[in-house]
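# Structural description and commentary
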Amino acid sequence: MRYEAIQRHRGQYPTRLMCRCLKVSSSGFHAWTSREPSARAKDNARLLVKIREYHADSDGVMGAPRMHEALCYAGERVGLNRIARLMAAEGLAGVPQRRRWRHKPSGVRPVHVRNHLKRDFSASEPNTKWVVDITYIRTGEGWLYLCAVLDLYSGKVVGWSMSPVQDRHLVLKAVMMASWQRADRSPVILHSDRGTQFTSAEYQQFLKDHHIVSSMSDVGHCGDNAAVEGFFGKLKRERVHRRRYLTLSEACTDVFDYIERFHNPIIQRRLDAQDQAFKLLTQPSVETG
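Structural notes, computed from the coordinates.

Rules used throughout
Residues numbered from 1 in each chain as written. Predicted model: local features only at pLDDT ≥ 70, side-chain atom pairs only at ≥ 80, totals over all residues. Heavy atoms only, no water. Helix = DSSP H or I, 4+ residues; strand = E, 2+ residues; numbered from the N terminus. Buried < 20%, exposed > 50% of the residue type's maximum accessible area, 1.4 Å probe, protein only. Polar contact = N/O pair within 3.5 Å; in protein donor to acceptor, adjacent residues only side chain to side chain. Pairing = 2+ DSSP bridges. Axes fitted to C-alpha atoms, helices over the stretch in contact; angles between N-to-C directions. Contact = heavy atoms within 4.5 Å. Phe/Tyr/Trp six-rings, centres within 6.5 Å; stacked < 30°, edge-to-face > 60°. Lys NZ or Arg CZ within 6 Å of the ring centre and 35° of its normal. Core = buried A, V, L, I, M, F, W, Y, C linked by side-chain atoms within 4.5 Å. Salt bridge = Lys/Arg side-chain N within 4 Å of Asp/Glu carboxyl O. Lys, Arg positive; Asp, Glu negative; His and termini not counted.

Residue placement: histidine 191 occurs in strand β4 (residues 188–192). On the accessibility criterion, histidine 191 (0% relative accessible area) is buried. A distance of 2.7 Å separates a polar atom in the side chain of histidine 191 from a polar atom in the side chain of serine 215.

This part is about the sheet that holds strand β3 (residues 157–163). Strands sit in the order β3-β2-β1-β4-β5 across an open sheet of five strands; the sheet is mixed. Each having just a single partner strand, β3 and β5 (212–216) make up the two edges of the open sheet. Across the sheet, the mean angle separating the axes of adjacent strands is 25 degrees when strand polarity is ignored. Taken together, the three bridges between strand β1 (residues 129–139) and β4 define a ladder with parallel strand orientation. When the sheet's bridge partners are listed, lysine 129 is paired in β4 with isoleucine 189. Running at roughly 30 degrees to β1, helix α10 (residues 226–238) makes contact with β1, β2 (142–151) and β3 of the sheet. Its contacts with the sheet place helix α11 (residues 248–282) against β1, β2 and β3, and it is angled at close to 175 degrees to β3.

On to the pairing of β2. Counting buried residues in β2 gives eight out of ten residues, a clear majority hidden from the surface. Taking the residues between adjacent antiparallel strands as the criterion, β1 and β2 are bridged by two residues.

Now for the packing of aromatic side chains. Counting across every chain of the model gives six aromatic pairs. In textbook terms, an aromatic cluster arises when at least three aromatic residues are bridged by ring pairs, as seen for Phe231, Phe232, Tyr258 and Phe262. Looking at lysine 236, its charged tip hangs above the ring of tyrosine 136, at a distance of 4.1 Å from the centre.

Below, the discussion takes up the nonpolar core. Ranked by internal contacts, the top residues of the largest apolar core, which has 25 residues, are Leu146, Leu150, Val157, Phe231 and Ile259. Contributions of two or more residues to this core are made by β1, β2, β3, α10 and α11. For this core, the element with the highest residue contribution is α11, accounting for six residues. For valine 157, the residues in contact, after removing those within four places along its chain, are Ala148, Val149, Leu150, Phe231, Ile259, His263 and Asn264.

Tallied over the full model, the rule gives twelve salt bridges. One salt bridge in this structure joins glutamate 76 and arginine 46, with 2.7 Å as the shortest N-O distance. Of this pair, glutamate 76 sits in the loop between α5 (64–73) and α6 (80–90) while arginine 46 sits in helix α4 (residues 39–57); the two residues are 30 residues apart in sequence, bridging distant segments of the chain. Using a relative accessible area of 37% as the deciding quantity, one classes arginine 46 as partly exposed. Where arginine 243 meets aspartate 254, a salt bridge forms, and the shortest distance between an N and an O atom there is 3.5 Å. Of this pair, arginine 243 sits in the loop between α10 and α11 while aspartate 254 sits in helix α11, and the two are eleven residues apart along the sequence. Classification of aspartate 254 as buried rests on a relative accessible area of 14%. What emerges from the salt-bridge pattern is a single network uniting Asp43, Arg46, Lys50, Glu76 and Arg82.

Bringing the side chain of lysine 236 into the picture now. The residue lysine 236 is located in helix α10 in this model. With no salt bridge to any partner, buried lysine 236 finds its closest opposite charge in glutamate 229, at an N-O distance of 7.5 Å. Residue contacts for lysine 236: discarding those within four places in its chain leaves Thr135, Tyr136 and His241.

Turning our eyes to something else, we now look at the pairing of β1. Counting buried residues in β1 gives nine out of eleven residues, a clear majority hidden from the surface. Where β1 lies against β2, ten bridges are found, and the strand directions are antiparallel. When the sheet's bridge partners are listed, isoleucine 134 is paired in β2 with cysteine 147.

Below, the discussion takes up the environment of valine 158. Looking at the element boundaries, valine 158 is found in strand β3. Each C-alpha atom of the pair valine 158 and isoleucine 259 lies 9.9 Å from the other, and the pair is 101 residues apart in sequence. Leave out the neighbours within four places in its chain, and valine 158 touches Trp130, Val149, Asp151, Met177, Ala178 and Gln181.

Honestly, that's just the spatial picture; any functional story needs more than this.
Below you can see the structure in the form of structure tokens.
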């Protein structure tokens, strides 16, 4: 570590002075600089190239956990702590989350609707469990509201809509988009909170007409919709809070870019990697003899 510190500051201070201050010999330092890098150092240098590339592609929002996930899906066998050390040494970091709370009015849950999800956020197949919610984004022209539908199987945004007005039409457009992308009309659970947009008769009738089972939380159970809240948290941390939108149109364009050109493509690459790994594991072995 002392040799590395001297190497980093050779352009600022005399080498002999730094060696004397750090109580190491100058001959030992020069021998260290001419030594062939170890296999570990070479591998770290190779990983750093990928880390810098992924970090730049993410617009500088990827922290160590997500970087570790991305590298593992790319076929790297590397630990989280090692990734964190390499990123810290390079001055690369993610974007910390800011916690804010905002009260939303609740409606009366329809009699026939109950909580089908019960905080079970796992799904063995796509288009079997969805979650939906609304968030808000500040612009120079007022609030922009975003409604997003997430598939719990993958975390992919399967439906979304944006509007300067928070009403049932905002929700219906997002759910309609999600419904259109389904290959069949097998029932799917759609979980929401008890916002008035979700308890409206028009929304409930739309779900019934499209073979979607409405599921709702009880009052005060904000954790029941944690999956979609987690997506909104990442969206704001990685994109919205790092921008200043002067117009509604500017905010719409940037949110679209995040969903369709960043978030969903990352999810799709992960799914493709999983499918490829499954095919390799299940394909019959070729016997030679």
